[in-house]
Amino acid sequence: MSERSSIFGGQGVASFGFALLIVALYVFLIMPLITIIGASFTSGLMIEFPPQGFSLQWYREFFNRQDLVDGLLMSLRIAAITALVTTVVAVMAALAGQAIGGRLSGWFQIGMTLPLLVPELLTAVGLLFFLYKIDLGKTVTGLQMGHILMSFPYAYVSVTAALRQVPPSLEEASSSMGATGWQTFRLVILPLIMPGVAMGGIFAFINSFDLYTVSLLLKPLGGNTLPLALFDFLTYEFKPTAAAAATISILLSVAGVAIVQRLVGLQRAF
Amino acid sequence: MLRLSLAIPAVALIFVFMILPITNMVEMSFRTLGTTGPFGDDYTMAHYGRILTDGYYWAILLRSLMTAGAVTVLCLIVSYPIAWHLSRATGLKAVLLYALIASPLMTGVLVRNFGWMIVTALNGPLNESLIALGIIDMPLRLLFTQTLVILALVHVFVPFMVLPINNALRNIPPALTEAAASMGATRAQTFRNVILPLSFPGIYPGMILVYVLSVAAFVTPALLGGQMVSYMPTLIVAELTGTYRWPLGSALAITLSASTLLIVAIFTALTWKLMERARA
């Protein structure tokens, strides 16, 4: 709190009011997540907050529901493949992006983040028709491609940011010592950008795990992701089992954010 | 050259699974409706004609565009103080606040919407505390209303607005506000004449992003809007997966995108004028 605070950070009623407002806004942000986590531990029979007592019965119930568990396993598998593929493709693209100079480089950036900039619904509708055309409609492969596409920008942005931190002189030094391009990449560049690569993978994983619209339209025959299963569950049964399922998904995200914080620091991540 | 070829898989991914499908969707919107499959063999302009002349579609389109407008404005009002507060934080406090803002961003839209279902339930914490505070006598019925859809969408998009504004605020040199203060400007004047214009590079992209994304949001209206309130995205998905009229669904999607772009263009033109006047 230095001189910068002089505008709102004055004394008296105004700053007290501002502090109150800030607290209210943070409560607004975190409220839905707190209620879900709280409601999942209720020992009562209804979704409610504050919860009645404490019990793990709804987690037991979750793992006894074949449809929800199948959804969880499918989401985990798709997200893992998504993270793997997007990071490899993103590292390659980011290396190429470095070599593009001038005005083109900006267009390349926009092109690579296109799936983030175009609303998910439009991409999903386009993909629905297209996958039918190439005989991948209603298949897990088709859904997997949709997830890779939608999560790619997260990996790309993280890797690019990490690569920007590597001084070009290192690469010059390495090649002047006679290292090949691949050796330079594997022994010099990759270790330096590894936190950024891991962060990109984590973001891609979490994004894929939570995708809904793309999954709904590209839904394979006889397969559901966890968000799809959860939506169906919520439409027919409004039970604390849903809160347990949602809490598992929240914990995954929180773990992801915590790992990113450990690796690179959140401030650098955005 | 070798280095540039590393971009091939990524370019192929975006081109084959995004550009081609969206182009394909434009073509689909001119197809006739099929009798045996989701689309026919011939081409027609009829779907656009139908959408543009039918009051039913107009009403839903307008509701979508206006709702997104309300979401964008409310989002700005909620996000600005948060971004301001975040931009001043340092050290551990900053890390915690970033985590607080990033956690909702990293949690799926569906999960966050579900949270609002619990919060706004008839005997949920919101109603209970409002009654306890004596603000209302009867619990408010919020589930399956447009109000809740707007509230939940604001919640979903706050991080998209906070982060660019926070970046813009961090780029304002503290010396500028000190200079304004030393010239005798009040805090309100400094804010209006110095801080606000300089944070515009964050506000503008934040507003565009939130508007475009919330016009096309599907999950929130589908889960929290119920059957009573329909929006364009829910209508589009119903045409595609319910009645299987793909050409009509595509035409609706393209109409929605075109009107969104038109509004963004008008907004950009207006703000440019405003900025020029502010500079003069």
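Residues numbered from 1 in each chain as written. Chains lettered and ligands numbered in written order. Predicted model: local features only at pLDDT ≥ 70, side-chain atom pairs only at ≥ 80, totals over all residues. Heavy atoms only, no water.

**Observations concerning the overall build of chain A**
And step 1. If you tally the helices and strands in chain A, you get 13 helices and 0 strands.
And step 2. Along chain A, helices and strands appear, N-terminal first, in the series α-α-α-α-α-α-α-α-α-α-α-α-α.
And step 3. Along the longest, intermediate and shortest principal axes, the C-alpha atoms of chain A span 70 × 65 × 30 Å.
And step 4. When burial is assessed residue by residue, chain A has 50% of its 270 residues classed as buried.
And step 5. Total accessible area computed for chain A in this model is approximately 12,300 Å², and 67% of it derives from carbon and sulfur atoms. (Helix = DSSP H or I, 4+ residues; strand = E, 2+ residues; numbered from the N terminus. Buried < 20%, exposed > 50% of the residue type's maximum accessible area, 1.4 Å probe, protein only. Areas by Shrake-Rupley, 256 points an atom, 1.4 Å probe, with all protein chains shown as cover.)

**Overview of the overall build of chain B**
And step 1. For chain B, the helix and strand inventory stands at 12 helices and 0 strands.
And step 2. Across chain B, helices and strands are ordered from the amino to the carboxyl terminus as α-α-α-α-α-α-α-α-α-α-α-α.
And step 3. In terms of overall dimensions, chain B has C-alpha extents of about 75 × 65 × 40 Å along its principal axes.
And step 4. Restricting the contact set of chain B to residue pairs at least 6 apart, pairs at least 24 apart contribute 68%.
And step 5. When the accessible surface of chain B is totalled, it reaches about 13,000 Å², and 72% of it is carbon and sulfur.
And step 6. A distance of 14 Å separates the average location of the 15 positive side-chain charges in chain B from that of its 9 negative side-chain charges. (Contact = heavy atoms within 4.5 Å. Lys, Arg positive; Asp, Glu negative; His and termini not counted. Charge placed at Lys NZ, Arg CZ, Asp CG, Glu CD.)

**Concerning the UniProt feature "domain: ABC transmembrane type-1" (unreviewed entry) in chain A**
And step 1. UniProt feature "domain: ABC transmembrane type-1" (unreviewed entry): in the numbering of this structure it lies at residues 72-260 of chain A.
And step 2. For residues 72-260 of chain A, the end-to-end C-alpha separation is 23 Å, with 84% helix and 0% strand making up the annotated structure. (UniProt positions renumbered as here; feature names shortened; annotations may be inferred.)

**Examining empty space enclosed by the protein**
And step 1. A complete count under the given rule lists 6 cavities of 30 Å³ or more for this structure.
And step 2. Considered as a void within the structure, the second largest cavity measures approximately 70 Å³ in volume.
And step 3. If you trace the second largest cavity, you find it lined by Phe209, Asp210, Leu226, Pro227, Leu230 and Ser249 of chain A together with Gly108, Leu110 and Val111 of chain B.
And step 4. At the level of elements, helix 9 (181-210) and helix 11 (226-236) of chain A together with helix 5 (109-119) of chain B are the ones that each hand at least two residues to the lining of the second largest cavity.
And step 5. Among the elements that make up the lining of the second largest cavity, the one with the highest residue count is helix 11 of chain A (3 residues).
And step 6. Per-class residue counts for the lining of the second largest cavity are 6 nonpolar, 2 polar and 1 charged. (1 Å grid on protein atoms, 1.4 Å probe; cavity = no way out; pocket = protein on both sides within 12 Å on 5 of 7 lines; lining within 4 Å. Points joined across faces, edges and corners; volume = space filled by probe spheres on them. Nonpolar A, V, L, I, M, F, W, Y, C, P; charged D, E, K, R; others polar.)

**Re the interface of chain A and chain B**
And step 1. Facing the 84 residues of chain A at the interface are 82 residues of chain B.
And step 2. The contact between chain A and chain B buries some 7,800 Å² in all, and 80% of this surface belongs to carbon and sulfur atoms.
And step 3. Joining chain A to chain B, the criterion identifies 8 residue pairs in polar contact (both at pLDDT 80 or more).
And step 4. Ranked by residue count, the leading element in the side of chain A that touches chain B is helix 1 (residues 13-40) of chain A, at 15 residues.
And step 5. When the residues that make up the side of chain A that touches chain B are grouped by side-chain class, the tally is 65 nonpolar, 14 polar and 5 charged. (Buried area = accessible area lost by both parts, 1.4 Å probe. Polar contact = N/O pair within 3.5 Å; in protein donor to acceptor, adjacent residues only side chain to side chain.)

**Brief notes about the UniProt feature "transmembrane region" (unreviewed entry) in chain A**
Residues and elements named next belong to chain A.
And step 1. Listed under "transmembrane region" (unreviewed entry) in the UniProt record, and renumbered for this structure, are residues 12-41, 72-95, 107-132, 184-206 and 242-264.
And step 2. Split by type, residues 107-132 is 88% helix and 0% strand. Its first and last C-alpha atoms lie 30 Å apart.
And step 3. Each end of residues 242-264 is marked by a C-alpha atom, and these two atoms are 33 Å apart; helix forms 96% of the span and strand 0%.

**Quick notes on the layout of surface pockets**
And step 1. Of the pockets and cavities examined, the largest pocket occupies roughly 1,600 Å³.
And step 2. Residue composition of the lining of the largest pocket, by class: 35 nonpolar, 9 polar and 4 charged.
And step 3. Volume-wise, the second largest pocket comes out at about 750 Å³.
And step 4. What lines the second largest pocket is a set of 28 residues, and nearest its centre among them are Phe231 and Thr235 of chain A together with Ala222, Leu223 and Gln227 of chain B.
And step 5. Sorting the residues of the lining of the second largest pocket by element identifies helix 11 of chain A together with helix 10 (219-224) and helix 11 (232-241) of chain B as the ones contributing at least two each.
And step 6. Per element, the largest residue contribution to the lining of the second largest pocket is 6 residues, and it comes from helix 11 of chain A.
And step 7. Classifying every residue of the lining of the second largest pocket by side-chain character gives 18 nonpolar, 8 polar and 2 charged.

**Description of the nonpolar core**
And step 1. Residues Phe152 of chain A together with Ile82, Phe114 and Val158 of chain B are the most contacted members of the largest nonpolar core, which totals 154 residues.
And step 2. Looking at this core element by element, the count peaks at 14 residues for helix 7 (residues 146-170) of chain B.
And step 3. Residues within four places of phenylalanine 114 of chain B in sequence aside, it is in contact with Ile36, Ile47, Leu234, Phe238, Ala242, Ala243 and Ala246 of chain A together with Leu223 of chain B. (Core = buried A, V, L, I, M, F, W, Y, C linked by side-chain atoms within 4.5 Å.)

**Quick notes on the UniProt feature "transmembrane region" (unreviewed entry) in chain B**
Residues and elements named next belong to chain B.
And step 1. Per the UniProt record, "transmembrane region" (unreviewed entry) is annotated on residues 58-83, 95-122, 142-163, 202-224 and 244-270.
And step 2. The span residues 202-224 is 87% helical and 0% strand by assignment, and the distance between its end C-alpha atoms comes to 30 Å.
And step 3. Each end of residues 244-270 is marked by a C-alpha atom, and these two atoms are 40 Å apart; helix forms 93% of the span and strand 0%.

**Describing helix 9 of chain A**
And step 1. Between its first and last C-alpha atoms helix 9 of chain A spans 37 Å; for 30 residues at 1.5 Å apiece the expected length is 44 Å, and the helix comes up short by more than 12%.
And step 2. By the largest-angle criterion, methionine 194 of chain A marks the main kink of helix 9 of chain A, which is about 55 degrees, and a proline, proline 195 of chain A, follows within four residues. (Expected span 1.5 Å × (residues − 1). Bend = angle between axes of the 7 residues up to and from the residue.)

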